Amino acid sequence: MIEKIENLKSELQSLTASNTGEVEQLRIKYLSKKGLVTSLFSEFRNVPAEQKKELGQRLNELKTLAADRINELRESLSGGTDDDQCDIDLTRTATPLPLGTRHPLSLVRNEMIDIFARMGFTVAEGPEIEDDWHVFSALNFAADHPARDMQDTFFIMREPDVLLRTHTSSVQTRVMEKNQPPIRIVCPGRVYRNEAISARAHCFFHQIEGLYIDRDVSFADLKQALLYFAQQMFGAETKVRLRPSYFPFTEPSAEMDISCNLCGGKGCGFCKHTGWVEILGCGMVDPNVLEACGIDSKVYTGYAFGMGIERITNLKYRVKDLRMFSENDVRFLDEFIAAR
Ligand code: PHE
């Protein structure tokens, strides 16, 4: 038995391993239940009583040696103590993860929706692929109105009645068809127009349109709602002015300007020295539209307005080239981290 112990000792002294898997193999070989060292302890039971003291000591030494050697090997391979093996150092500074940002158009859209929500408007959405009725006919566009022209509208070929919506007024048609007043909605979404892409025009952009129909809704209500919006969006000192205009679906119709938020109305290059910048179209819903959608125009009146989110974003953040919005250049998008 002494011989066995001594042999194992010298064997253990010269152990080597080239990876932690091998170290584990060695542990099993010597120290597991049926390992070489452990099985000597079973033999120990049969040793005559007078030898027990000395052999017991030697055996224990052997066991300690085996455990130490195997730990040594493991540590030399993992380059540190046992704890390092799982490679988690809770005191280490975390690697910073690059944070995403909301797209500037989403930021501005959300802000616009919030402002209208404070006036009781809820959000309504509808399909981007539409039919002639919801985009044009129900909205009082004459059969030969130029907006229906191939040059403005993307038609989906083979299906003359399927087209990409040119404004989100189509969502208003859908809501009016299905609901009786009071109706108070804003319709955010992407719209498409057949324009050559440049810094100032794109074949798609985004709108928020609004619609309020109830008894006794007046033009004064429209003006007040839009003034509130402009001052919330661009600051309390913002002024608005309405100029007469024309849309098939509103009568009377107007376009609204706000005092230039760059020069405060004094006149600068941005507002072409007029002190005003146009932001939206609006008007009182034409009775023909109400009737086409099943709403009694003798009982109800309403106002509608619509604006481009890109335009409002440009006024707020001075984005000079419309194409920036759809290029997904992170250097551009990262500029909006603070605004998030
Ligand atoms: N639909 C119009 C457009 O796309 C905007 C608008 C909406 C004008 C509602 C008046 C009333 O330009």
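Bear in mind the structure is a predicted one, so any value in this text is a computation, not a measurement.

1. Looking at the site of the ligand
Then step 1. Close contacts around the ligand come from 13 residues, with His167, Ser169, Arg193, Gln207 and Glu209 the closest.
Then step 2. With respect to the ligand, the side chain of Arg193 contributes an N or O atom lying 3.0 Å from an oxygen atom.
Then step 3. The contact in question runs from a nitrogen atom of the ligand to an N or O atom on the side chain of Glu209, over 2.7 Å.
Then step 4. Protein chains shield 89% of the accessible area of the ligand, which is 320 Å² for the free molecule.
Then step 5. Secondary-structure elements contributing two or more residues to the shell around the ligand are strand E5 (204-214), strand E8 (276-285) and strand E9 (301-308).

2. Things to note about the packing of helix H5 (residues 104-117) against helix H10 (residues 309-317)
Then step 1. Their axes nearest at 9 Å, the elements H5 and H10 cross at an angle of 100°. Our classification of the angle between H5 and H10 gives roughly perpendicular. On the side of H5, the interface is formed by Pro104, Leu105, Val108, Arg109, Glu111 and Met112, while H10 contributes Ile309, Glu310, Ile312, Thr313, Lys316 and Tyr317.
Then step 2. Here the residues of the contact of H5 with H10 are counted per class, giving 7 nonpolar, 1 polar and 4 charged.

3. Digging into the sheet that holds E5
Then step 1. Judged by pairing direction, the sheet is mixed, and its 7 strands sit side by side in the order E1-E4-E5-E9-E8-E7-E6 without closing on themselves. Either end of the sheet is taken by a strand with one partner, and the two such strands are strand E1 (122-123) and strand E6 (240-247).
Then step 2. Across 10 bridges, strand E4 (residues 183-192) lies against E5 in antiparallel orientation. Residue Tyr192 lies in a different strand from E5, and its bridge partner there is Phe204.
Then step 3. The strands touched by helix H8 (residues 219-234) are E6, strand E7 (250-259), E8 and E9; relative to E9, the strand with the most contacts, the crossing angle is about 30°.
Then step 4. On the sheet, H10 packs against E5, E7, E8 and E9 and is oriented at approximately 60° with respect to E9.

4. Digging into the layout of surface pockets
Then step 1. For the second largest pocket, the calculated volume is near 310 Å³.
Then step 2. Of all the secondary structure elements, the ones that give two or more residues to the lining of the second largest pocket are H5, E4, E5, H10 and helix H11 (324-327).
Then step 3. Of the residues assigned to the lining of the second largest pocket, the class counts are 6 nonpolar, 7 polar and 4 charged.

5. Details of the packing of helix H2 (residues 20-31) against helix H4 (residues 49-78)
Then step 1. Interaxial distance between H2 and H4 falls to 9 Å at its minimum, and their mutual angle equals 175°. Considering their axes alone, H2 and H4 lie roughly antiparallel with respect to each other. Along the contact surface, H2 presents Thr20, Val23, Glu24, Leu26, Arg27 and Leu31, while H4 presents Lys63, Ala66, Ala67, Ile70, Leu73, Arg74 and Leu77.
Then step 2. Grouping the amino acids of the contact of H2 with H4 by side-chain chemistry returns 8 nonpolar, 1 polar and 4 charged.

6. Brief notes about the nonpolar core
Then step 1. With 45 residues, the main nonpolar core has Met112, Ile258, Tyr303 and Phe305 as its most contacted residues.
Then step 2. Broken down by secondary-structure element, the contributors of at least two residues to this core are H5, E5, H8, E7, E8, E9, H10 and helix H12 (330-333).
Then step 3. Here Met112 is in contact with Ile208, Phe229, Met233, Met307, Ile309 and Ile312, once residues within four sequence places are set aside.
Then step 4. Residues Ala147, Leu163, Ile185 and Leu290 belong to the second largest nonpolar core, which totals 23 residues.

7. What to know about the packing of aromatic side chains
Then step 1. Using the criterion set out here, one finds 13 aromatic pairs in the structure.
Then step 2. With 5.0 Å between their ring centres and 25° between their planes, Phe116 and Phe305 make a pair best called stacked. Residue Phe116 is found in helix H5, and its partner Phe305 is found in strand E9; the two are separated by 189 residues along the sequence.
Then step 3. Under the relative-accessibility criterion, Phe305 is labelled buried at 2%.
Then step 4. For the pair Tyr212 and Tyr303, a centre-to-centre distance of 5.5 Å together with 70° between the ring planes defines the contact as edge-to-face.

8. Side note on empty space enclosed by the protein
One way to see where empty space is left: roll a probe the size of a water molecule over the atoms.
Then step 1. Taken as a whole and assessed by the stated rule, the structure comprises 1 cavity of 30 Å³ or more.
Then step 2. Quantified by volume, the largest cavity comes out at close to 40 Å³.
Then step 3. In terms of lining residues, the largest cavity is bounded by Leu139, Gln172, Met176, Leu211, Phe249, Thr250, Val285, Val289 and Ala304.
Then step 4. Classifying every residue of the lining of the largest cavity by side-chain character gives 7 nonpolar, 2 polar and no charged.

So, how was this worked out
Residues numbered from 1 in each chain as written. Predicted model: local features only at pLDDT ≥ 70, side-chain atom pairs only at ≥ 80, totals over all residues. Heavy atoms only, no water. Near = heavy atom within 4 Å. Polar contact = N/O pair within 3.5 Å; in protein donor to acceptor, adjacent residues only side chain to side chain. Areas by Shrake-Rupley, 256 points an atom, 1.4 Å probe, with all protein chains shown as cover. Helix = DSSP H or I, 4+ residues; strand = E, 2+ residues; numbered from the N terminus. Axes fitted to C-alpha atoms, helices over the stretch in contact; angles between N-to-C directions. Parallel < 35°, antiparallel > 145°, perpendicular 65-115°, else oblique. Contact = heavy atoms within 4.5 Å. Nonpolar A, V, L, I, M, F, W, Y, C, P; charged D, E, K, R; others polar. Pairing = 2+ DSSP bridges. 1 Å grid on protein atoms, 1.4 Å probe; cavity = no way out; pocket = protein on both sides within 12 Å on 5 of 7 lines; lining within 4 Å. Points joined across faces, edges and corners; volume = space filled by probe spheres on them. Core = buried A, V, L, I, M, F, W, Y, C linked by side-chain atoms within 4.5 Å. Buried < 20%, exposed > 50% of the residue type's maximum accessible area, 1.4 Å probe, protein only. Phe/Tyr/Trp six-rings, centres within 6.5 Å; stacked < 30°, edge-to-face > 60°.

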